[in-house]
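The primary structure of each chain is shown beneath.
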Amino acid sequence: MQKETFRGVVLYPSDIRSLGADKLIHILKKADINLIGIHSNTLTENLDSLKIYLESADGRLLIDLCKENNIDVEYECHVLQEILPRSLFNEHPEYFRVDSNGVRTNDLNICFSSEEAWITIEKNVTELVTWMKPTTNRYFFWIDDSYDGFCNCDKCKPFSPSDQALIYENRMLEIIRRVNPDATLAHLAYASTLDAPKTVKPEEGIFLEFAPIGRNYENPLPSEQYNALKTNLEIFPKETAHILEYWLDASMFSGWNRDTWNKIPWDTNFCKRDIELYRDLGIESFTTFATWMFHQRYFELYGQDEAIEVAREYGSILKREK
Ligand SMILES: [Zn+2]
């Protein structure tokens, strides 16, 4: 049996709310998109706002309509600040990282070697997975969004950022699997975790998620990112590797500034070129941020028909002929 190709978009709850589930599903069907990833990031839309959306009438309708239309639903979330609250720092500074100046701080991430921190994390994750149920069984519980956010304590220091992330992901998968034995979990290769881990090995069920942020789409994937992807594919299975791109990410192309709300620099040929490159490496699972683009405001600024046409082109590039 041929493995199914994922053709996804990643959206904020606020994007979905602005369109409403009915209209969104209509657009996805038209564009042949078969996966929605709902995004939370703690800072602008947190896990609570995601949960509130899912429990609303529109959120329930979305889940029902996705099921009816064979559209998978996943949750791509920065969760670490919420599963290990920063307020614990006063009583338990040892849960948190030592920064590159040697100062213990609760600004980003955690001490990835702190056993005690995991007691709190486990409790919170076990609760989280009671309501967050990806239809693909793929989980995305990312660490903090940062370039220099890793731990420099004596225990963590020997490990690269990617290795520290993988220590966290291996442990996280074990916790999720106690609730959902079919679970798999993403290792996000991105920013400072772009390079492949060197010493830590992924447990079975950890899959590569490659997110080449900061590209100029006029050019092919830069060699630094391409080489990092290839090296990662020597560590993580090709069959489950997943690309998270930014082709339709109006939020990124606006510098995440809602006063800007720019038009995306879409070019079908650039996207096609990129997908061919990824497919040549054996990858069949794709999604792209489409935050602020699948949004009523974007439609008003740049035209609904044109936006839907772009989505349709994206879906048709990925819809491989059988
Ligand atoms: Zn540490």
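It should be noted that the structure appears before, not after, this text.
Since this is a predicted model, take the numbers as computed values, not measurements.

Enquirer: Any chance you could explain the nonpolar core here in plain terms?
Expert: Among soluble globular proteins, nonpolar side chains are generally buried collectively. Core analysis: the largest hydrophobic core is formed by 93 residues, its most contacted members being Leu 11, Leu 248, Met 293 and Tyr 314. With seven residues, helix 7 (residues 161-179) is the single largest residue contributor to this core. Once residues within four sequence positions are removed from consideration, Leu 248 is found in contact with Val 9, Ile 264, Thr 288, Phe 289, Ala 290, Met 293, Val 310 and Tyr 314.

Enquirer: Even after reading the chapter, I still don't get the environment of Lys 23, so can you show me in this structure?
Expert: One can find Lys 23 in helix 2 (residues 21-31). By the C-beta count within 10 Å, which is 15 here, Lys 23 ends up partly exposed. Distance from Lys 23 to Leu 62, taken between C-alpha atoms, is 10.0 Å for residues 39 residues apart in sequence.

Enquirer: Mind showing me how you'd approach the sheet that holds strand 8 (residues 206-210) here?
Expert: Sheet strands associate in pairs through backbone hydrogen bonding, adopting either a parallel or an antiparallel arrangement. An order of 1-2-3-6-7-8-9-10 is seen for the eight strands of this closed barrel, with the pairing classed as parallel. On average, each strand axis in the sheet is tilted by 25° relative to the strand beside it, whichever way the strands run.

Enquirer: In this structure, what is going on with helix 3 (residues 47-55)? I would like to understand it.
Expert: One full turn of an α-helix is made of 3.6 residues, so residues set three or four places apart face in the same direction. Within the sequence span of helix 3, burial applies to Leu 47, Leu 50 and Tyr 53. The buried side chains of helix 3 occupy one side of the element, clustering within an arc of 125° when seen end-on. With respect to the buried face of helix 3, the exposed residues turned more than 90 degrees away are Asp 48, Ile 52 and Glu 55. The inward-facing, buried residues of helix 3 contact helix 1 (13-19), strand 2 (35-40), helix 4 (57-68), strand 3 (72-78) and helix 5 (80-83).

Calculation criteria
- Residues numbered from 1 in each chain as written.
- Predicted model: local features only at pLDDT ≥ 70, side-chain atom pairs only at ≥ 80, totals over all residues.
- Core = buried A, V, L, I, M, F, W, Y, C linked by C-beta atoms within 7 Å.
- Buried ≥ 20, exposed ≤ 12 C-beta atoms within 10 Å, placed from the backbone.
- Helix = DSSP H or I, 4+ residues; strand = E, 2+ residues; numbered from the N terminus.
- Contact = placed C-beta atoms within 7 Å.
- Pairing = 2+ DSSP bridges.
- Axes fitted to C-alpha atoms, helices over the stretch in contact; angles between N-to-C directions.
- Arc of directions from axis to C-beta.

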